[in-house]
Each structure stands twice: as structure tokens, then as C-alpha cells.
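# Analysis of the macromolecular model
Here is what each chain is made of, one letter per residue.
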Amino acid sequence: MAARPNPFQHVASELQVGDQTYKYFSLKKLNDPRVERLPFSVRVLLECAVRNCDEFNVTSQDVENILNWETTSKQSIEIPFKPARVLLQDFTGVPAVVDLAGMRDAMVRLGGDAKKINPAVPVDLVIDHSVQVDVARTDDALEKNQEREFERNAERFEFLKWGAKAFDNMLIVPPGSGIVHQVNLEYLARTVFNKDNTLYPDSVVGTDSHTTMINGLGVVGWGVGGIEAEAVMLDQCISMVLPEVVGFKLTGELRPEVTATDLVLTCTQMLRKRGVVGAFVEFFGPGCGSLSLADRATVGNMSPEYGATMGYFPIDASTLLYLRQTGRDESKVQAIEGYLRAQGLFRLYDGSQVDPSYSAVMELDLGTVQPCLAGPKRPHDRVNLSDMKTDFQTCLTNKPGFKGFGIKEDKLATASPFEFEGQQYQLDHGSVVIAAITSCTNTSNPDVMLGAGLLAKKAVEKGLSVKPYIKTSLSPGSGVVTQYLTLGGVVPYLDQLGFNLTGYGCMTCIGNSGELQDAVSAAITSQDLVAAAVLSGNRNFEGRVHPLTRANYLASPPLVVAYALAGTVNIDFEKEPIGQDQSGNAVFLRDIWPSRAEIQEVVARSVLPDMFRDVYTRIQQGTARWNALQAPETQLYPWKESSTYIHDPPFFKQVEPQPAAIQNITDAFVLLNLGDSITTDHISPAGSISKNSPAARYLMARGVAPRDFNTYGARRGNDEVMARGTFANTRLINK
């Protein structure tokens, strides 16, 4: 069946913004009352179907199914969706580019043109998952870690640089630039596309589950597998079940001591309890108007943790304000606003709009949100800060599980003394050995980042310090963060507490936490202690952050600093001091916690549009190390048989013009019988490669020393390593 002319050409319209005239496909001209009842996220799906309808890939019936969402969303109806662009990070982006290179080889082998294998939509790949916290707590940590990053990954980076040259529509954001989702939020996101003078909503699929961070900007997008992403790159629609949409009504305002991190951990617990797998969550209500764009992005970021496909905030006045604050071109912002208002995609909270219809509605009064953490093993196991000590002590003796470590009563007081830098220290159950300000979830939010800096300032002024053996680190999601922390005057205080800049990348959040000090590792293992990590990340599954931290808690950046100062999670901050000042007086957390007014004053004078323009102009120019890399300038990649990073994939070597008939699978048997809460971390880990694993044996047989194993994520371009790394998570239990 061949494609036909678009049957919805009659809704094509013109829009005048200033002296520019644009084209767009008007949903209002459908003259269908069902449009206004659709959730805003579903309206974006509808626009995409109307604009791309060709009665082949997208049919009139698909448009009708979306219009009839109130009924069809309950019937598991599939629809096609054609995202505007694809977002990759290097762990998942390298295998995608490897596949494209393999497809080119197959195309040439079959007598075709290699250039026909080429992304048809914009593809942005941000190299952010490779840098590790090899060095921490020093002024040169950033330089040392980036140097080691290039030593380990030069072969991967050379391959990606080849891809940027060989393929059209592919932008590579070099290492050292930032975290993919923060760079997407601050720079890559278009909000509204303008292609050949036709406007349409930005939409994206990414090979990283936290692509949903962009939902906070009002962009429809979510994480997909590599095969789906490659299909979109090659101009194919993806098939998706028309989802139910859970409306999440927000009212009130957050209390002064509550952060966006506390909010997202609360939402995660609520939504996980209800069950929203496969659904969109769309936030609405007057409380949305009180949240900054950065707060919304924090909530959208953890959509995978609460199980939804998206956590969507429709575009409103706060979105436009953020676009201006991040240095976007004013004429583009005006075109975005004009298009969205004309299209009925602009959200108002003044009572003039009727709320859409939702599959179900949940409600949260923002004023009830409490300061909290999540852990010790799952992101939806929220713990109020006031209950933290009691909860941790209960977890110690609970039977092994998500909220238990199975420590016997006579072992609760176990202590492990050790010497470090000539001083004697002691570790106990709950001792903090990693404290990391990390992850796009929080480092994109100036309020919590500057809040952490102000807390550090007050702590230093009180004479407080962090024990030198605790691995503290600061890994922001973009260079903008460094600029506003510097202008805000808090960098010297963060440095003094050991939170020196270690790199621009995921780092501890993805498991690139690096090694602990040998003395610390020995102290933990000798007494089988439940050591703790506190991080401002989005995932804390067993074995992810570090193999030796059995208790891992997600927290806001200010709380990360607080627990580093305390040195333990076994503390009640309300009743117990965090330390003593220069005069020996007790200092409580409340004594150094910055007020909302203090934070907002520093944010207002420190976060400036010119910072974003400066940082992202320099990103386009590349770094000295990146620019010095030599990459082949060929249409086909010259594979190296000796490479343990990049391997010619076997999947396309037997491809023929006509696919073979599908064969039945016979005599199959169960490989693994697993429990609940199995994640991609268990199926295909991204972290360190154990020295006793099949992947390690494969690498050592090829002359790779354990020091140079790198991570599973960094070696995803080699199918031989990944086949041996499947289900390699050390905490996985096969029944």
C-alpha cells in the first residue's frame, strides 16, 4: 500500500508572529469538541498524527482513535507516533551508532548506497556517562578525572567522532559538557520545531529512561530501547499503546524548608503505590503555577522511578520565562508562544480553561510535603527526615529485603577502627562513606544547588568539617552550574568541605563513583558493615552506587552536605547536633539550614541568561582534548578486530534482501527465576566489571588489565562483552 496525500490538508493554517508567517496544522480546525477534552499530552500525539497522516504509516483511523481517547485508552489500542528527534547518551548511544555502521556495511554488501543509512531526524548524543570519580576532594580533581576519562575511552570517543562526520543530522556534545538531560533542558530542546517554516511541537525519544526530565519543559518524550530509537532515526514511526492519563492535581505551595527533591520523592511514593505503569501522568491545578520550571523538571525526571511513561507539565507562562532565563532567542520564544496559544496547547491557571478529562485523578497539597530521603535500596521507599534514624535502625535488623539487612542484635554495635592519613577513625553501621551532589535530577535546579552551597557556607562559618575519608564529590549537569555557584560566592565553602568539582557527567548517580580509600574498604569488609552513601541521584538499587555501600539514600543536595557533615545516617537531626562550633557549642541542622528567602535572593542575582549563552556557545566549539582526537573520514567504519570497545556487530552480516521466514522457538527453558523490582540495572548493569565475572575473563584473555576494565556501560559497543555481562549484577538472586 503506497502513501497518499494527507487527508487533513484542509486544517493547514497560517500564523503571523511579528513580521514572520508560519504554517501549522490547526487542531481547532478539526471542529471536533473532543479535542478540548483531551489531556494536553494526548493533544501532542493528535497533532503528530494529523500532520503525518498518509494513510500508510499513519491513517485516518489512527487520528480517530486518538480523538476518541476517552474510550480507546481503555482498550489497548495501538497508534503510530513519529517523534521529532532522538536523544542519546554515550552508554546507549555507542551501540546505536555501532548498529548504524553495521547497517551501512550490510547495505554495501547487498549492492546499495551506504548513505541511505542515515538519520532522517535530528539526533543529539551527549557524552556524559564515561567520567568517573577517580579523584575527589582536590583542586585538580576535574582535570585529573577528565584526563583519565580520555585515557579509558579514547577509542569510543574516536568512534563517535567518526559518526558525527559520517552521518547527517547527528550532533555530538563532547565529554566535559554536562549531563544529557540537563543539556537537553537548557540547550537542545526546541519546545516547538520549525521545519521548512512549518511549526509543530517538539517531541523526543531517548535511549535513557530519564529522558522524561524534558516533560518539565512541556516536551513530550520518554525513554525507549535502542531498536526503537534506531527506527525513529531511520524515519519510521514507533507503535505505542494509546495510554491512560492520570491527572495529578497540585494545590497549595511548598513550605520554606521543603525542596523539589522532597516533592519528587513524595510523588514517587504516591504514584508507585497507585500503579501508573504504561500511563502518562499529567500535572495540573493551581499548585503547578507555584513551581519553577526546574522544580517541574525534577518531578518529570523521576518518572521511571514512579513507573509512568511520562510525568508531563503542559507549557505555560513559567515555560516561556525559563526559555528566556536560559538565553533562548527572543524571536523564537515569541513564535513558540504564538503557536501554542493558536493551537490550544498553552496552559492557563487563571480559571479560564476547563480541565481536560483524565483516566483518574490524584491530588497533593504541596503544603503537606515533608523533608525526606528515599532508601535504603529503592527510590520509592520514602523516609521522612524526622524518621530517618528510627527507620535505619529498623532496617538493620529486618530480615534481608528492600527494607532490611538481617543484622543480628549482637552485631548492631559492631565498630571497625582504621587509620587514615595518620589519624584514627571508626566506622559503624550507617557510617557515610560516599556523599555525592550528582545527577541531572537535582543539579539542574539552582534552588537546591545554591541551597547546598549556602548550607556549606554556614557550616564552615560555624567551624564544622567533613571527615577526610568520606568520598565527597560535586558533579554538576552543565558548566552553567559552576558559573552561578561561583557568582553566588559558595564555591570556596563547598571546596572546604570536600565538595570540589569532580566532573560534568552522571558520575556517582550511574555508578561511576570510583574506588573508596583502601583503608575504608578494608574497614567495611572486615566487619561486614552496612556502610552508607547519600546522593542527590534518582536510583539507589543495590550494587549500583558502589559495591560496598549497602545502604544508599537519595536526598536533596543540601541534605547530602548535611549527612557528610554528620558522617552517619544513624542520626536524628531534630534531637542530635550535627557538630560543634569553635566554642564547643552544639550546632543543629536547623542552625545552618538556609531560608527560602536567602536562597531566592542568591538565585536572583546569580543565575543569568548570559551564562547559558556563554556555556553553550563554547560547547559547539568542542574541548581541546576532543578537538585533538583523530577520527576516520570514511563512509564505512574501519573496524579493528583487536578492539574490546567497538565490535562489528554480527546481527547484519547474514541479512538478505528478503527476510527469512520466522521460525518457532522450541524446547526453550527458564534461564532465570527472579523476584520483584527487577530493573535494567539487574538485566544489563552499567557499573563496574567484577574481576571474577565472565566479562572480566574475556577482557583479560585479550590483554586488558583489571585497572582498565572500565564499566559495562562503557563497553556496550562490544556485543561480546555485553553478552557476558547480561544479568551480571552482583545483587541479583536467581531462584
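Let me sum up the structure you'll find in this document. (Residues numbered from 1 in each chain as written. Predicted model: local features only at pLDDT ≥ 70, side-chain atom pairs only at ≥ 80, totals over all residues. Heavy atoms only, no water.)

### Comments concerning the overall build of the chain
A count of helices and strands for the chain gives 26 helices and 25 strands. Taking 27 Å as the expected radius of gyration for a compact globule of 735 residues, we find that the chain reaches 26 Å, a close match to that expectation. Within the chain, the proportion of its 735 residues that are buried is 58%. Only carbon and sulfur atoms are counted for the fraction: they give 49% of the accessible area of the chain, which is about 29200 Å². Charge-centre separation for the chain: the mean point of 69 positive side chains lies 2 Å from the mean point of 83 negative side chains. (Helix = DSSP H or I, 4+ residues; strand = E, 2+ residues; numbered from the N terminus. Rg over C-alpha atoms; globule rule 2.2 N^0.38 Å. Buried < 20%, exposed > 50% of the residue type's maximum accessible area, 1.4 Å probe, protein only. Areas by Shrake-Rupley, 256 points an atom, 1.4 Å probe, with all protein chains shown as cover. Lys, Arg positive; Asp, Glu negative; His and termini not counted. Charge placed at Lys NZ, Arg CZ, Asp CG, Glu CD.)

### Quick word on the sheet that holds strand β5 (residues 123-126)
Strand order in the open sheet formed by five strands is β6-β5-β4-β9-β10, with parallel pairing between adjacent strands. Two strands lie at the open edges of the sheet, namely β6 (170-173) and β10 (220-223), each paired on one side alone. Direction aside, neighbouring strands of the sheet carry axes that sit 20 degrees apart on average. Judged from the three bridges that link them, strand β4 (residues 85-89) and strand β9 (residues 203-206) form a sheet pairing that is parallel. When the sheet's bridge partners are listed, leucine 87 is paired in β9 with glycine 206. The strands touched by helix α6 (residues 180-188) are β4, β5 and β6; relative to β4, the strand with the most contacts, the crossing angle is about 140 degrees. (Pairing = 2+ DSSP bridges. Axes fitted to C-alpha atoms, helices over the stretch in contact; angles between N-to-C directions. Contact = heavy atoms within 4.5 Å.)

### What about the pairing of strand β22 (residues 531-535)?
Among the five residues in β22, five count as buried, and that is most of the element. The two faces of β22 match: Ala531, Ala533 and Leu535 on one face and Ala532 and Val534 on the other face are all buried. Summarising the sheet, strand β20 (residues 432-437) and β22 pair through four bridges and their orientation is parallel. For valine 432, the partnering residue across the bridge sits in β22 and is alanine 532.

### As for the sheet that holds strand β13 (residues 280-284)
Ordered in space as β14-β13-β12-β15, the four strands form an open sheet in which the pairing is parallel. Each edge of the sheet is formed by a strand with only one pairing partner; in this case those strands are β14 (310-312) and β15 (360-365). Shown here is a sheet whose adjacent strand axes are inclined to one another by a mean of 20 degrees, direction ignored. Here β13 runs beside β14; their pairing, made up of three bridges, is parallel.

### Comments concerning helix α18 (residues 518-526)
Taken residue by residue, α18 has Val520, Ser521, Ala523 and Ile524 as its buried positions. Buried residues along α18 cover an arc of 165 degrees about the axis, so they all sit on one side. (Arc of directions from axis to C-beta.)

### A word on the packing of helix α15 (residues 446-461) against helix α19 (residues 557-566)
One can describe the packing of α15 onto α19 by two numbers: an axis separation of 7 Å at closest approach and a directional angle of 30 degrees. The angle between the axes of α15 and α19 places the two elements in the roughly parallel class. For the pair formed by α15 and α19, the contact residues are Val448, Met449, Gly451, Ala452, Leu455, Ala456 and Ala459 on the first element and Pro557, Pro558, Val561, Ala562 and Leu565 on the second. Residues belonging to the contact of α15 with α19 are distributed by class as follows: 11 nonpolar, one polar and no charged. (Parallel < 35°, antiparallel > 145°, perpendicular 65-115°, else oblique. Nonpolar A, V, L, I, M, F, W, Y, C, P; charged D, E, K, R; others polar.)

### So, helix α12 (residues 330-343)
Between its first and last C-alpha atoms α12 spans 20 Å; for 14 residues at 1.5 Å apiece the expected length is 20 Å, and the two agree. Those residues of α12 that fall on the buried side of the exposure criterion are Val333, Ala335, Ile336, Tyr339, Leu340, Ala342 and Gln343. (Expected span 1.5 Å × (residues − 1).)

### A closer look at the pattern of salt bridges
Under the defined criterion, the tally for this structure stands at 34 salt bridges. For arginine 34, the salt bridge is made with glutamate 64, and the minimal N-O distance between the two is 2.8 Å. Taken as a pair, arginine 34 in the loop between β2 (20-25) and α1 (40-52) and glutamate 64 in helix α2 (residues 60-67) lie far apart in primary sequence, 30 residues in all. You can call arginine 34 partly exposed: its relative accessible area is 23%. Of the charged contacts in the structure, one is a salt bridge between arginine 85 and aspartate 124, with a shortest N-O distance of 3.9 Å. Here aspartate 124 lies in strand β5 and arginine 85 lies in strand β4, a separation of 39 residues in the sequence. Neither arginine 85 nor aspartate 124 differs from the other in exposure class; each is buried. (Salt bridge = Lys/Arg side-chain N within 4 Å of Asp/Glu carboxyl O.)

### Some points on the packing of aromatic side chains
According to the stated counting rule, one finds 21 aromatic pairs in the structure shown. Relative to tryptophan 222, the ring of phenylalanine 81 has its centre 5.5 Å away and its plane inclined at 25 degrees; by these criteria the two rings are stacked. In this pair, phenylalanine 81 is assigned in strand β3 (residues 78-81) and tryptophan 222 in strand β10, connecting sequence segments 141 residues apart. Using a relative accessible area of 7% as the deciding quantity, one classes tryptophan 222 as buried. Between the aromatic rings of tryptophan 162 and phenylalanine 167, the centroid separation amounts to 5.5 Å while the plane-to-plane angle is 80 degrees, which identifies the pairing as edge-to-face. An aromatic cluster is built from Phe159, Trp162, Phe167, Tyr637 and Trp639, whose rings are joined through pairwise contacts. Its end group placed over the ring of phenylalanine 40, arginine 43 keeps NZ or CZ at 4.1 Å from the ring centre. (Phe/Tyr/Trp six-rings, centres within 6.5 Å; stacked < 30°, edge-to-face > 60°. Lys NZ or Arg CZ within 6 Å of the ring centre and 35° of its normal.)

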